[in-house]
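Residue strings, one per chain:
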Amino acid sequence: MRRRPWERGRGGGGAGAGGGGGPPPPRGAAPAAGPSDPEFLPRVIDQVARLAVVPADVDPVYVDAPMGCVRFAADGTVTSAKLKAPSAEPSVDAAFEAALAAFDEARDASPEPLPGDLRARLAKDPLCFRLRFEQ
């Protein structure tokens, strides 16, 4: 019998066997912040990156990307957002710090619940990532 792509995986697929247990959500559907949301972390990183305004005179090819960390409370608000590893370019670091601060304010004004599978981990450990920027 031929398996569907979401049924492939360890244990033979299907519900309860680690294979996903059903078809993927339809394209364009709003992500649910319930028990599992695989798009939650990429969405957070993308939101911060969109808030970063890197000066036009900075060439991203020659700048190491700075690293920032965001710590969440269990309710989805941000408890801290800071630059962890700066780049060699102060203007890029300032843009990233401003983006982290803006994300913190926006998230606290309108918190999104943490997905169930990430709630304990994100409440304990910060989400750290490097800023990816393009001109």
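Up top is the structure.
Attention here is on the structure that accompanies the text. (Residues numbered from 1 in each chain as written. Predicted model: local features only at pLDDT ≥ 70, side-chain atom pairs only at ≥ 80, totals over all residues. Heavy atoms only, no water.)

Focus: the nonpolar core
Consideration 1: Ranked by size, the top nonpolar core spans 19 residues in total, and within it Phe72 and Leu122 carry the most contacts.
Consideration 2: Secondary structure elements with two or more residues in this core: helix 1 (40-51), strand 1 (67-72), strand 2 (78-85), helix 2 (90-109), helix 3 (116-124) and strand 3 (127-130).
Consideration 3: Ignoring sequence-local partners within four residues, the contact set of Phe72 consists of Val44, Thr77, Val78, Thr79, Phe103, Arg107, Leu114, Leu122, Ala123 and Leu127. (Core = buried A, V, L, I, M, F, W, Y, C linked by side-chain atoms within 4.5 Å. Buried < 20%, exposed > 50% of the residue type's maximum accessible area, 1.4 Å probe, protein only. Helix = DSSP H or I, 4+ residues; strand = E, 2+ residues; numbered from the N terminus. Contact = heavy atoms within 4.5 Å.)

Observations regarding the sheet that holds strand 3
Adjacent strands of a sheet pair through backbone hydrogen bonds, lying either parallel or antiparallel.
Consideration 1: Across the sheet, which stays open at both edges, the 3 strands sit in the order 2-1-3 with antiparallel pairing between neighbours. Of all strands in the sheet, those with a lone pairing partner are strand 2 and strand 3, marking the two edges. In this sheet, neighbouring strand axes are inclined to one another by 20° on average, regardless of whether the strands run parallel or antiparallel.
Consideration 2: Relative to strand 3, strand 1 runs antiparallel, the two sharing 4 bridges. Among the inter-strand pairings, Gly68 is bridged to a residue of strand 3, identified as Phe129.
Consideration 3: Across the sheet, helix 2 lies against strand 1, strand 2 and strand 3, angled at about 170° from strand 2, the strand it touches most. (Pairing = 2+ DSSP bridges. Axes fitted to C-alpha atoms, helices over the stretch in contact; angles between N-to-C directions.)

Digging into the pattern of salt bridges
Consideration 1: This structure, assessed with the given rule, holds 3 salt bridges.
Consideration 2: Between Arg50 and Asp46 there is a salt bridge, and its shortest N-O distance comes to 3.0 Å. Here Arg50 pairs with Asp46, and both are found in helix 1, just 4 residues apart, close to one helical turn.
Consideration 3: The class of Asp46 is partly exposed, set by a relative accessible area of 38%. (Salt bridge = Lys/Arg side-chain N within 4 Å of Asp/Glu carboxyl O.)

Looking at the packing of helix 1 against helix 2
Consideration 1: In contact at an axis separation of 8 Å, helix 1 and helix 2 are set at 120° when each is read in the N-to-C sense. By the angle between their axes, helix 1 is oblique relative to helix 2. Where helix 1 crosses over helix 2, the two elements pack in a sense that is right-handed. Across the interface between the two elements, Phe40, Val44, Gln47, Val48 and Leu51 of helix 1 pack against Phe96, Ala99, Leu100, Ala102, Phe103 and Arg107 of helix 2.
Consideration 2: Its residues placed into classes, the contact of helix 1 with helix 2 shows 9 nonpolar, 1 polar and 1 charged. (Parallel < 35°, antiparallel > 145°, perpendicular 65-115°, else oblique. Left-handed = near helix turned anticlockwise from the far one by under 90°. Nonpolar A, V, L, I, M, F, W, Y, C, P; charged D, E, K, R; others polar.)

So, the environment of Cys69
Consideration 1: Along the chain, Cys69 turns up in strand 1.
Consideration 2: Look at Cys69 and you get buried, because its relative accessible area is 7%.
Consideration 3: Residues Cys69 and Leu100, spaced 31 residues apart in sequence, show a C-alpha to C-alpha distance of 8.6 Å.
Consideration 4: Contacts of Cys69, omitting those with residues within four sequence positions, involve Ser80, Ala81, Lys82, Lys84, Pro126, Leu127 and Cys128.

Side note on the environment of Leu51
Consideration 1: Looking at the secondary structure, you find Leu51 in helix 1.
Consideration 2: For Leu51, a relative accessible area of 37% gives the class partly exposed.
Consideration 3: Each C-alpha atom, one on Leu51 and one on Phe103, is 7.5 Å from the other, the two residues being 52 residues apart in sequence.
Consideration 4: Setting aside residues up to four positions removed in sequence, Leu51 forms contacts with Ala99, Ala102 and Phe103.

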